[in-house]
Amino acid sequence: MDSSCTLCLIWLSCMWVAWFMLVSAEFQRFEHPVKADGSLSFLVIGDWGRKGAYNQSHVAIQMGKVGEELGIDFVISTGDNFYEEGLASPYDPAFGHSFTNVYTASSLQRQWYSVLGNHDYRGDVLAQLNPILRRIDSRWLCLRSFQVNTEIAEFFFINTTPFVDQYFRNPKHHKFDWRGVLPRKRYLSRILKDLRGALRNHIGHHGPTKELITHLLPILEANRVDMYINGHDHCLEHFSSITSPLQFFTSGGGSKAWKGDFDYLDGGDEIQFYYDGQGFMSVGLTPTNARIAFHDVLGRVLHSLDLSKQTYNPYNAM
Ligand SMILES: *[C@@H]1O[C@H](CO)[C@@H](O)[C@H](O)[C@H]1NC(C)=O
């Protein structure tokens, strides 16, 4: 795995049965309305901010088109928002060059929900969290960990970068801005505790690294999370868990793609799709169905699937 990539985890799950009360300082909670017909659609993009280079602007154009077709409600960014080293301050012109001036299509003028990737921790980590950015571009919302509730699904965004041991033990020549994360042990256990209390739906930044498999996976499976979505790996990917209905998706093709530089993860899970060029993911949700598609830089659908919520309904499972 390339240590310069950012990991992002996203969990999506339709809210069938349970409400949970979340009392937590870490996971600030937002509400997002569904469409008049009760559905919801959105795009997921990761690993993108390169001032339009490496096809970032071409991906953005296709996002605009697909966003228009689906009438998307919001966009999710799985992190590594600004290369190579995040933002230097809330006034860093890279914010305009890599975000505002790139994602210009009218369908993309929606709320963006973003988390931080490892590259974002290499700049002024507080810059992307600063409300000043929302005044510059009102679409922007980036927090470390948070929750978005809708009538049909709950989204849990998790700050997965601090889970990766390597960034602490062997950061090489990189300097990470760990303000707000130290002491690390306390920070991580608070995230896990809050998560346990909260989960129906989950979005984060890192794919299933060994740390996350140890700490997060059991919590996600026990809580019947439907989907886990991450960035960090510069590719598009879908695999299924062999131990639960959980589906894993990677959307990390926002700009510079791997294009043969890496072999994808092996492991016990079932790979359904892998593409190491640029692109993004679209999701359409109704109370009972999810339609997920991966699109490339030319707008072609490379892989799509439908998930049915009945399968996961705990009442059926019992
Ligand atoms: C941009 O996308 C085109 C079409 O897939 C591809 O041929 C080209 O290599 C890409 N450019 C870069 C810099 O990745």
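Residues numbered from 1 in each chain as written. Predicted model: local features only at pLDDT ≥ 70, side-chain atom pairs only at ≥ 80, totals over all residues.

How we decide: UniProt positions are given in the numbering used here, feature names are shortened, and annotations may be inferred rather than shown by experiment.
You'll find the protein chain entered in an unreviewed UniProt entry as Purple acid phosphatase, with Hibiscus trionum given as the organism. Here the protein chain is described in UniProt, under the heading Subcellular location (unreviewed entry), as follows: "Secreted". Recorded in UniProt for the protein chain, the comment headed Catalytic activity (unreviewed entry) runs: "a phosphate monoester + H2O = an alcohol + phosphate".

### Section: the environment of Ser 106
In plain terms, the rule: Note on conventions: DSSP H or I runs of at least 4 residues are helices, E runs of at least 2 residues are strands, and numbering of each starts at the N terminus.
Take Ser 106: it is sitting in the loop between α2 (94-100) and β5 (111-114). Counting along the chain gives 42 residues from Ser 106 to Gly 64, while the straight-line C-alpha distance between them is 7.1 Å.

### Digging into the sheet that holds β5
The test is simple: Two strands make a pair as long as DSSP finds a minimum of two bridges between them. Helix axes use the C-alpha atoms of the stretch in contact, all axes being lines fitted to C-alpha atoms, and the angles between their N-to-C directions lie in the range 0 to 180 degrees.
Spatially, the seven strands line up as an open sheet ordered β6-β5-β4-β3-β14-β15-β16, and their pairing is mixed. With one partner strand each, in any of the chains shown, β6 (140-142) and β16 (301-308) form the two edges of the open sheet. Strand-to-strand twist of the sheet, defined as the mean angle between neighbouring strand axes without regard to direction, takes the value 20°. Pairing analysis gives four bridges linking strand β4 (residues 74-77) to β5, with the strands arranged parallel. Residue pairing in the sheet places Ser 77 in a bridge with Ser 114 of β5.

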